[in-house]
Amino acid sequence: MATTVGKEREIETLVQDLITLERDAIAAYDSTIEKLSDSALSSQIAQFRQDHLQHLDVLNEMAAELGIPAPTEGDAKQMLTTGKIALAQLMGDKTILKAMKTNEDDTVTAYSRAVNHPEAVEKSRAFFSKALADEERHRAWMEQTATAL
Ligand SMILES: [Fe+2]
Ligand SMILES: [Fe+2]
């Protein structure tokens with residue numbers, strides 16, 4: 001199911017939902033790195049994982065600045081449907097990368113909405129647009145690499 005992250009009216013809820021989304025993404029990356037049979041593909045995914053860790057750091061800082069609690073776990077339902085657990089059950093590099101591409105559809109959608117959030121201050125908007133560019137780069141790679149396999 002397509003993500004609803006980015007549609008939040010309050011910036012506080014947006015930041016919290018983005019943190020959950022990033023935690024889900026990182027967990028899915030962990031499964032992917034373990035499952036891929038081609039180590040060159042795994043090391044590229046490990047590099048993308050660093051981008052997500054950086055996104056999580058910035059979002060945690062934003063939560064602290066907003067004075068709100070930052071979620072410390074991902075979403076259990078998401079893990080079963082498209083996340084860590086679902087990925088652990090997939091076989092074959094092409095299938096895994098295609099599944100990861102659909103996860104990146106969600107991160108791209110979420111940050112493209114976040115960029116336009118009316119309550120986002122300039123610094124937040126700059127971060128959202130940097131994160132969006134990262135997620136678009138991840139998605140393009142997943143798509144091209146899966147197609148070529
Ligand atoms: Fe991310
Ligand atoms: Fe990503």
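Residues numbered from 1 in each chain as written. Chains lettered and ligands numbered in written order. Predicted model: local features only at pLDDT ≥ 70, side-chain atom pairs only at ≥ 80, totals over all residues. Heavy atoms only, no water.

An unreviewed UniProt entry annotates the chain as Ferritin-like domain-containing protein originating from Jiella pelagia.

Draft legend 1. Molecular detail of the overall build of the chain. Secondary structure assignment for the chain yields six helices and zero strands. Mapped in sequence order, the helices and strands of the chain form the string α-α-α-α-α-α. C-alpha atoms of the chain, sized along the principal axes, occupy 45 × 25 × 25 Å. Across the chain, contacts joining residues at least 24 apart in sequence account for 78% of those joining residues at least 6 apart. Surface accessibility of the chain: about 7700 Å² in total, with carbon and sulfur atoms responsible for 54%. For the chain, the distance from the average position of its 16 positive side-chain charges to the average position of its 25 negative side-chain charges is 5 Å. (Helix = DSSP H or I, 4+ residues; strand = E, 2+ residues; numbered from the N terminus. Contact = heavy atoms within 4.5 Å. Areas by Shrake-Rupley, 256 points an atom, 1.4 Å probe, with all protein chains shown as cover. Lys, Arg positive; Asp, Glu negative; His and termini not counted. Charge placed at Lys NZ, Arg CZ, Asp CG, Glu CD.)

Draft legend 2. Spotlight on the coordination of the iron ion (ligand 2). Taken together, His-52 (NE2), Glu-104 (OE), Glu-104 (OE), Glu-135 (OE) and His-138 (ND1) make up the full set of protein donors to the iron ion (ligand 2), lying 2.1 to 2.5 Å away. Between the iron ion (ligand 2) and the iron ion (ligand 1), both coordinated by His-52, there is a metal-metal distance of 4.8 Å. Placement of the pair is Glu-104 in helix 5 (residues 93-115) and His-138 in helix 6 (residues 122-148), with a sequence separation of 34 residues. Exposure class is identical for Glu-104 and His-138. Each is buried. (Donors = N, O, S within 2.8 Å, 3.2 Å for Na, K, Ca; no water. Buried < 20%, exposed > 50% of the residue type's maximum accessible area, 1.4 Å probe, protein only.)

Draft legend 3. Seen up close, empty space enclosed by the protein. Under the criterion given, the structure shown has one cavity of 30 Å³ or more. Computed from the structure, the largest cavity encloses a volume of approximately 110 Å³. What lines the largest cavity is a set of 13 residues, among which Asp-24, Ala-25, Gln-78, Asn-103 and Thr-107 lie closest to the centre. When residues of the lining of the largest cavity are traced back to their parent elements, those giving at least two are helix 1 (11-35) and helix 5. Its residues assigned to classes, the lining of the largest cavity shows five nonpolar, five polar and three charged. (1 Å grid on protein atoms, 1.4 Å probe; cavity = no way out; pocket = protein on both sides within 12 Å on 5 of 7 lines; lining within 4 Å. Points joined across faces, edges and corners; volume = space filled by probe spheres on them. Nonpolar A, V, L, I, M, F, W, Y, C, P; charged D, E, K, R; others polar.)

Draft legend 4. Broad picture of the layout of surface pockets. Roughly 210 Å³ of volume is contained in the second largest pocket. Along the walls of the second largest pocket sit Ile-11, Val-58, Glu-61, Met-62, Glu-65, Leu-66, Glu-119, Ala-120, Val-121, Lys-123, Ser-124 and Phe-127, which together make up its complete lining. When contributions to the lining of the second largest pocket are tallied by element, the ones reaching two or more residues are helix 2 (39-66) and helix 6. Counting residues per element, the lining of the second largest pocket draws most heavily on helix 2, at five residues. Among the residues making up the lining of the second largest pocket, the classes are represented as seven nonpolar, one polar and four charged.

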